[in-house]
Structures are given as C-alpha cells and as structure tokens.
Amino acid sequence: LTSLVCGSVQLQNEEEPGETAPVVNDAPPPYSSISAENTAYFDYKDESGFPKPPSYNVATTLPSYDEAERTKAEATIPLVPGRDDDFVTRDDFDDTDQLRIGNDGIFMLTFFMAFLFNWIGFFLSFCLTTSAAGRYGAISGFGLSLIKWILIVRVS
C-alpha cells in the first residue's frame, strides 16, 4: 500500500532494523559558556542611565490625607487673580475655526429646511452649507422627516 501511494519512495517501519540516519548533536550550549566578557550584555539597564527606583523608606512614607489635600489646594491657586473660573476664554479660536464648525443658527436653519422640504430640502441644505453644524442639521432634519413619513404611512 505504501509503495502505491508514495511511488518510488518506500517508508521504513520503526521496528525493522535498517539504515539509521546519523544523529546530529543540536543541543544548546551549556550555561557555563557565558563568560565574563558576555556578562556585560546582561547589565545594560544599569549602564544606560535609567533612574534608580527610590529606596523602600522613601516609597513607603506617604503624606497623610490632610497634607495631600493641603498640597493639592496649594497647587490649584489661580495664576491670574480676579478671572472668572466659570468661563475660560480660548485665545487660539479664530474665525476660520468658527466658519468650519458653524453655530446654532445654521444648525436650526438647515434642520428645519430638511425637515419641511424633505429630501429636496436635505440636498439643498447639505450641499449649500460648508460648516459641520449645517451638514449635521440637514442630516438630523432629514432623519426626522423620514420618521414623520413612516408614521404617516403607518397611520393611513
């Protein structure tokens, strides 16, 4: 059977004595082969300038809760006294960002245009506005108009 399947290659049974392949020693070298000049390879963390961890005494002496709260309160002292903390102005927000983002008026305008005029209003408001608020207003208005038409069809 094996001669039919394998053609000219004949498999040898393990129990039959025959030609044995020479055994090659592929074992890894013993651990004693790590010599003194190779040990520097394993000490790379000590020589590369990483900071040493703190000692055990420093790591286990944590401040009390009151001390931690006091230092936290000292760190949050405002740098500019008198400025209202409720409203923080952004100095880097210029007019080009405002044109790209849009405002609430553009959102509401495109929303009602898409809602009232259905898909024609959606295409007009989506294509004529360049701001994100205008386009999202058109999408949400068209979505609400689809819900409106689904309810109209179900009821009638």
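The structure we're discussing is the one just above.
Just so we're clear, the structure is a prediction, and the values are computed from it rather than from any experiment.

Trainee: Before we go on, may I ask you to explain the side chain of S131 in this structure?
Mentor: Note that S131 resides in the loop between α6 (104-128) and α7 (132-155). Classification of S131 by relative accessible area gives buried; the value is 8%.

Trainee: Looking at this structure, how should I read the packing of aromatic side chains?
Mentor: Geometrically, a pair of aromatic rings is defined through the distance of the ring centres and the angle of the planes. Per the counting criterion, the structure on display carries seven aromatic pairs. Note on W119 and F123: the rings are 6.1 Å apart at their centroids and 80 degrees apart in plane angle, and the pair reads as edge-to-face. With W119 and F123 both in helix α6 and four residues apart, this pair spans about one turn of that helix. For F123, a relative accessible area of 46% gives the class partly exposed. Ring centres of F122 and F142 lie 4.8 Å apart, and the angle between their planes is 25 degrees; this geometry places the pair in the stacked category. Residue F122 is located in helix α6, and its partner F142 is located in helix α7; the two are separated by 20 residues in the primary sequence. The class for F122 is buried, based on a relative accessible area of 16%. On the accessibility criterion, F142 (23% relative accessible area) is partly exposed. Counting every residue linked through ring pairs, the aromatic cluster contains W119, F122, F123, F126 and F142.

Trainee: Can you help me understand α6 in this one?
Mentor: Each turn of an α-helix holds 3.6 residues, which means side chains three or four residues apart point in the same direction. Under the 1.5 Å per step criterion, the end-to-end length of α6 is only 16 Å for 25 residues, more than 12% shorter than the ideal 36 Å. Along its length, α6 shows its largest kink, about 150 degrees, at N118. Of all the positions in α6, only T110, F111, A114, F115, N118, G121, F122 and S125 are classed as buried. The inward-facing, buried residues of α6 contact α7.

Criteria and thresholds
Residues numbered from 1 in each chain as written. Predicted model: local features only at pLDDT ≥ 70, side-chain atom pairs only at ≥ 80, totals over all residues. Heavy atoms only, no water. Helix = DSSP H or I, 4+ residues; strand = E, 2+ residues; numbered from the N terminus. Buried < 20%, exposed > 50% of the residue type's maximum accessible area, 1.4 Å probe, protein only. Phe/Tyr/Trp six-rings, centres within 6.5 Å; stacked < 30°, edge-to-face > 60°. Expected span 1.5 Å × (residues − 1). Bend = angle between axes of the 7 residues up to and from the residue. Contact = heavy atoms within 4.5 Å.

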